[in-house]
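Below are the chains, spelled out letter by letter.
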Amino acid sequence: MGRLVVERDTCAVCDAERPLAHLFSKRGQSDATPYAIWQCLSCGFQRVRPMPDDRALAAYYAGGVGADYANYILAAEEKKAHFRQKLRDLDAYLPPPGLLLDVGCAAGFLLEVALEQGWEPHGVELNPGFAASTASTLDGRVTYGRLRDLPTHQEYSVITLFDVLEHTPIPREDLARCRDLLAPDGIIVAQLPCIDALARKALGRHWYHYAPPAHVNYFARDTFQKLAESLGLRIVHQAWTRKLMSIDYLLAQMAAHIGLGRAPVVPVIGKLRLQIPMSERLFVMSRS
Ligand SMILES: [Zn+2]
């Protein structure tokens, strides 16, 4: 065991300066930079520190991830099937179709599914590389930039954050912005990896979601609940969730995670889809 290094810094969950302990460092997936992962000794929230700045993250999202995104596009049909399933799972919590905002909408698959089901969907996406794939079907519905670039006068019935809050360097600000954009009886749906998962306990620092600089925040059920409640949100439902994936897509992702280099671009020929637990929880929130 190494010596425990403790420094004081701001915790996004506590929203105050707290003692943070250095847990371990891990090399980035796309570069050789070691990223240090720290844990708040008060609440248990873990994050990368120092947080990569906007420029570093923009560079990461803009380039060097071509093969992964190519796989993503190839997986369009299974992603849409996955989102149809998500909306079915959320049926008990969804208000009648109205304005829907998908944060981190990527290629816009959820927006397409929402459109099919009578919603008025909009998306916000940091990576302009997706613009070409959303241009034809979702013309004008996607804002390329950050949440803060969206006009604030709009009130959405549903705001979804699938695999977003582990990525953003400003999770508190982003969730607060979602709250501000929510209609009074609207809901926020967030899906994110949580460190209280069995897989994290088994794999320790080798857990696949410890993936800086892509993943920079590591919540658990209690830390996420604390963050949400401190922002005036109430968790009305939470559960471990699964991802609908084809065998091919899963293998490509695993290859990337275990360091066989970037996921190869593979045609998604495997029709067999599995519901895979991926250490992720789904939270449904309303204004408290
Ligand atoms: Zn804390």
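Keep in mind the model is a prediction, meaning the values are calculated, not measured.

A.B. asks: Account for the overall build of the protein chain, naming residues and giving values.
C.D. replies: Each helix and strand in the protein chain was counted, giving nine helices and 12 strands. Buried positions account for 50% of the 288 residues belonging to the protein chain. Taking all contacts inside the protein chain whose residues are at least 6 apart in sequence as the whole, residues at least 24 apart take part in 69%. Summed over all atoms, the accessible surface of the protein chain reaches about 13200 Å², with 54% contributed by carbon and sulfur.

A.B. asks: Describe in detail the coordination of the zinc ion, supporting the description with residues and values.
C.D. replies: Here the zinc ion is held by Cys 11 (SG), Cys 14 (SG), Cys 40 (SG) and Cys 43 (SG), and the distances to it run 2.3 Å. Along the chain, the residues that donate to the zinc ion are spaced as C-x2-C-x25-C-x2-C. Here Cys 14, found in the loop between strand S1 (6–11) and strand S2 (16–27), pairs with Cys 40, found in strand S3 (residues 34–40); they are 26 residues apart in sequence, far enough to count as distant. Given the relative accessible area of 12%, Cys 14 is considered buried.

A.B. asks: Kindly report on helix H8 (residues 221–230), identifying the contributing residues and their values.
C.D. replies: Within the span of H8, buried status applies to Thr 223, Phe 224, Leu 227 and Ala 228. Viewed end-on, H8 has its buried residues packed into an arc of 135°, placing them on one side of the element. Where H8 ends, the next residue or the one after it, Gly 232, has phi of about 80°, a positive value.

A.B. asks: Could you give me a rundown of a nonpolar patch on the surface, with the residues and numbers involved?
C.D. replies: The grouping of Leu 4, Val 6 and Leu 41 at the surface amounts to a nonpolar patch, some 280 Å² of accessible area in total. If you trace the backbone, Leu 4 turns up in the segment before S1.

A.B. asks: If you had to explain the sheet that holds strand S10 (residues 217–218) to someone new, which residues and values would you point to?
C.D. replies: Across the sheet, which stays open at both edges, the five strands sit in the order S1-S2-S3-S4-S10 with antiparallel pairing between neighbours. At either end of the open sheet lies a strand with only one pairing partner, and these are S1 and S10. Note that strand S4 (residues 46–48) and S10 share two bridges and pair antiparallel. Its bridge partner lying in S10, Arg 47 is registered against Asn 217.

A.B. asks: Can you break down the pattern of salt bridges residue by residue, with the values?
C.D. replies: If charged atoms from side chains of opposite charge come close, those side chains can pair. By the definition in use, this model includes 11 salt bridges. One salt bridge in this structure joins Asp 15 and Arg 172, with 3.7 Å as the shortest N-O distance. In this pair, Asp 15 is assigned in the loop between S1 and S2 and Arg 172 in helix H6 (residues 171–180), connecting sequence segments 157 residues apart. The exposure class assigned to Arg 172 is buried, which follows from its relative accessible area of 11%. Where Arg 179 meets Asp 180, a salt bridge forms, and the shortest distance between an N and an O atom there is 3.1 Å. Under the relative-accessibility criterion, Asp 180 is labelled partly exposed at 44%.

A.B. asks: Could you give an account of the pairing of strand S5 (residues 99–103), naming the residues involved and the relevant values?
C.D. replies: Of all the five residues making up S5, four are buried; the element is thus mostly covered by neighbouring parts of the structure. Relative to strand S6 (residues 120–125), S5 is paired through five bridges, and the arrangement is parallel. Across the sheet, the residue bridging to Leu 100 is Pro 121, located in S6. Taken together, S5, helix H4 (residues 109–116) and S6 form a β-α-β motif whose crossover is right-handed. As judged from the four bridges shared by S5 and strand S8 (residues 156–162), these two strands associate in the parallel manner. Bridged to Asp 102 within S8 is Thr 160.

Rules of the game
- Residues numbered from 1 in each chain as written.
- Predicted model: local features only at pLDDT ≥ 70, side-chain atom pairs only at ≥ 80, totals over all residues.
- Heavy atoms only, no water.
- Helix = DSSP H or I, 4+ residues; strand = E, 2+ residues; numbered from the N terminus.
- Buried < 20%, exposed > 50% of the residue type's maximum accessible area, 1.4 Å probe, protein only.
- Contact = heavy atoms within 4.5 Å.
- Areas by Shrake-Rupley, 256 points an atom, 1.4 Å probe, with all protein chains shown as cover.
- Donors = N, O, S within 2.8 Å, 3.2 Å for Na, K, Ca; no water.
- Arc of directions from axis to C-beta.
- Patch = residues over 30% accessible without salt bridge, like charges linked within 9 Å, V, L, I, M, F, W, Y side chains within 5 Å.
- Salt bridge = Lys/Arg side-chain N within 4 Å of Asp/Glu carboxyl O.
- Pairing = 2+ DSSP bridges.
- Right-handed = clockwise from strand over helix to strand, strands pointing away.

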